[in-house]
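Fold and contact review
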Amino acid sequence: MNFAFSEEQEELRRTVRQFLEAKSPSPEVRRLMETTEGYDEAVWKQMGQELGLQGLHIPEEYGGQGFSFVELGIVLEEMGRVLLCAPYYSTVVLAANAILNAGTDAQKQALLPAIAAGESIAALAFTEPNGKWDASGITMEATASGDGYTLSGTKMFVIDGHTADQIVVVARLAGTSGEEGISFFTVAGDAAGLTRTALSTMDMTRKQAKLEFADVKAEQLGEPGKGWNALSKTLDQAAVGLANEMVGGAQLVLDMSVEYAKVRVQFGRPIGSFQAIKHKCADMLLEVESSKSAAYYSAWAAAEESDELPVVASLAKAYCSDAYFHCAAENIQIHGGIGFTWEHDAHLYFKRAKTSEILLGDATYHRELLAQRIGI
């Protein structure tokens, strides 16, 4: 397997990095994370209309650019590097993929062009107050009503759910359990009977919401009762995307640690010359490079729709979660006292690392899932 990126892919990385460094410096991240919306609308439109980032991996027939998950992984890695405050992960990685996996051709034609153009923000409402990530955690029931359905219940931890124009909701048909009866629906963000409440989160750079449905009219997405395979694939793709995003953050905290170790002087010499600091940085480098191997391979598997995707998605999510969190914690230790202060950015990456570790299931959950998938 050749992990080298093509010249075109490297140019994509350079372009995206230049854009994000200009639009998402630390002061801007801190400003946006204090707002309820959590993003800059002008930058969001610029991402879609000038760079085409929202439609990067969406097929051309649905208004996108038709690139693969490998290119999407590159963009996510660069976004993780700067802690971009924008509803990109929720809209592109979660909701758009759910529509691609579950929707009919007509539904894709209707829903995806607005997302690809940066004109619409979307969210995937999957998790519930029980906090489970598997099929048993979906208890919200969809009730047949005339020629459609109504939804009642609560969805929790919905990324950007309070600002989304379109919400893809996962529910189950009445009388079903387990993987049977799981269905996808779409609901407008301003639908009657829908109450959206922004949640207080540890990682303020990634907004979440609580959505309460009270007989909310919903449009069926795909075939009712046959949505588990589409949901499982969507969550695997989301794990791949998150792994690549975590790689970007892990690389940044490594760079931050190495740079500080070069300039911080203690006992008349740079702290990077001390064996304890050398070992920490070397261990971090090993974890970051190994994370890249896992994340890049999983992006390739997603791009090729390989049969290996379920296995490598869980592998990448588990390893990258542990590696990013460890690197973020070591970054604070290497910085010493200032690493614990609000003024320093180390805590922002630490909080993103911790929440990313838990999102979609922690490393322990994915190692167990990996064992099941390979038949151990």
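Predicted model only: the values in this text are computed from it and were never measured.

Digging into the overall build of the protein chain
- Across its full length, the protein chain holds 11 helices and 9 strands.
- Whereas a compact globule of 376 residues would reach a radius of gyration of roughly 21 Å, the protein chain reaches 21 Å, a difference of no more than 12%.
- Judged by the C-alpha coordinates and their principal axes, the protein chain covers about 80 × 50 × 40 Å.
- The long-range share in the protein chain, meaning contacts at least 24 apart out of those at least 6 apart in sequence, stands at 74%.
- Carbon and sulfur atoms make up 51% of the accessible area of the protein chain, which totals about 15900 Å².

Some thoughts on the packing of helix α9 (residues 309-335) against helix α10 (residues 346-358)
- At a minimum axis separation of 9 Å, α9 and α10 run at an interaxial angle of 155°. Overall, the two elements α9 and α10 adopt an arrangement that is roughly antiparallel. By crossing handedness, the relation of α9 to α10 is classed as left-handed. Facing α9, whose interface residues are Lys317, Ser321, Asp322, Tyr324, Phe325, Ala328, Ala329, Asn331 and Ile332, α10 presents Ala346, Tyr349, Phe350, Arg352, Ala353, Lys354, Ser356 and Glu357.
- Residue composition of the contact of α9 with α10, grouped by class: 9 nonpolar, 3 polar and 5 charged.

Quick word on the pairing of strand β1 (residues 122-125)
- The side-chain alternation of β1 yields two buried faces, one formed by Ala122 and Leu124 and the other by Ala123 and Ala125.
- The pairing of β1 with strand β4 (residues 166-173) spans 4 bridges and is classified as parallel. Bridged to Ala123 within β4 is Ile167.

As for α10
- For α10, built from 13 residues, the straight-helix expectation of 18 Å at 1.5 Å per residue is met to within 8% by its first-to-last C-alpha distance of 19 Å.
- The set of residues buried in α10 consists of Ala346, His347, Leu348, Tyr349, Arg352, Ala353, Thr355, Ser356 and Glu357.
- Where the residues of α10 are buried, they touch α2 (26-33), α4 (69-82), α7 (228-263), α9 and α11 (363-373).
- A positive phi of about 70° marks Leu360, the residue just after α10.

Quick look at the environment of Gly249
- Checked against the element boundaries, Gly249 lands in helix α7.
- For Gly249, a relative accessible area of 0% gives the class buried.
- Considering only alpha carbons, one finds Gly249 and Glu368, 119 residues apart in sequence, at a separation of 25 Å.
- Sequence-distant contacts of Gly249, defined by excluding residues within four places in its chain, comprise Gly80, Arg81, Tyr324 and Tyr349.

Digging into unusual backbone geometry
- The backbone of Leu83 sits at a positive phi, close to 55°, despite the residue not being glycine.
- On the secondary structure map, Leu83 appears in the loop between α4 and α5 (88-102).
- With a relative accessible area of 1%, Leu83 lands in the buried category.
- Even without a glycine there, the phi angle at Phe157 is positive, about 55°.

Thoughts on the nonpolar core
- In terms of nonpolar packing, the biggest core is built from 114 residues, with Tyr88, Tyr89, Leu151 and Phe184 touching the most fellow members.
- Residue contributions to this core peak at 18 residues, all from α7.
- Those residues within four positions of Tyr89 in sequence are excluded, and the remaining contacts are Leu76, Leu94, Ile159, Arg206, Ala238, Ala239, Gly241, Leu242, Glu245, Leu359 and Leu360.

Let's talk about the packing of α9 against α11
- In contact at an axis separation of 8 Å, α9 and α11 are set at 155° when each is read in the N-to-C sense. Taken together, the axes of α9 and α11 lie roughly antiparallel to each other. Where α9 crosses over α11, the handedness of that crossing is left-handed. Touching Pro310, Val311, Ser314, Leu315, Lys317, Ala318 and Asp322 of α9 are Ala363, His366, Arg367, Leu369, Leu370 and Arg373, all from α11.
- Across the contact of α9 with α11, the residue classes break down as 7 nonpolar, 2 polar and 4 charged.

Re the environment of Met79
- Here Met79 is to be found in helix α4.
- As a C-alpha pair, Met79 and Ser232 span 153 residues in sequence and 25 Å in three-dimensional space.

Details of the packing of aromatic side chains
- Summed over all chains, the structure comprises 5 aromatic pairs.
- Over the aromatic face of Tyr89 sits the side chain of Arg206, whose NZ or CZ is 5.0 Å from the ring centroid.
- Sitting over the face of the ring of Phe325, Lys354 holds its NZ or CZ atom 4.9 Å from the ring centroid.

Comments concerning helix α6 (residues 105-116)
- The terminal C-alpha atoms of α6 lie 16 Å apart, and with 12 residues this matches the ideal 16 Å at 1.5 Å per residue to within 8%.
- Within the sequence span of α6, burial applies to Gln107, Lys108, Leu111, Leu112, Ile115 and Ala116. End-on view of α6: buried residues confined to an arc of 130°, all on one side of the axis. Exposed positions of α6 whose direction lies more than 90 degrees from the buried face are Ala106 and Ala110.
- On the buried face of α6, the contacting elements are α3 (41-49), α5, β1, β4, β5 (182-188) and β7 (208-221).

Criteria and thresholds
- Residues numbered from 1 in each chain as written.
- Predicted model: local features only at pLDDT ≥ 70, side-chain atom pairs only at ≥ 80, totals over all residues.
- Heavy atoms only, no water.
- Helix = DSSP H or I, 4+ residues; strand = E, 2+ residues; numbered from the N terminus.
- Rg over C-alpha atoms; globule rule 2.2 N^0.38 Å.
- Contact = heavy atoms within 4.5 Å.
- Areas by Shrake-Rupley, 256 points an atom, 1.4 Å probe, with all protein chains shown as cover.
- Axes fitted to C-alpha atoms, helices over the stretch in contact; angles between N-to-C directions.
- Parallel < 35°, antiparallel > 145°, perpendicular 65-115°, else oblique.
- Left-handed = near helix turned anticlockwise from the far one by under 90°.
- Nonpolar A, V, L, I, M, F, W, Y, C, P; charged D, E, K, R; others polar.
- Buried < 20%, exposed > 50% of the residue type's maximum accessible area, 1.4 Å probe, protein only.
- Pairing = 2+ DSSP bridges.
- Expected span 1.5 Å × (residues − 1).
- Core = buried A, V, L, I, M, F, W, Y, C linked by side-chain atoms within 4.5 Å.
- Phe/Tyr/Trp six-rings, centres within 6.5 Å; stacked < 30°, edge-to-face > 60°.
- Lys NZ or Arg CZ within 6 Å of the ring centre and 35° of its normal.
- Arc of directions from axis to C-beta.

Spatial relationships are all this shows, so hold off on functional conclusions.
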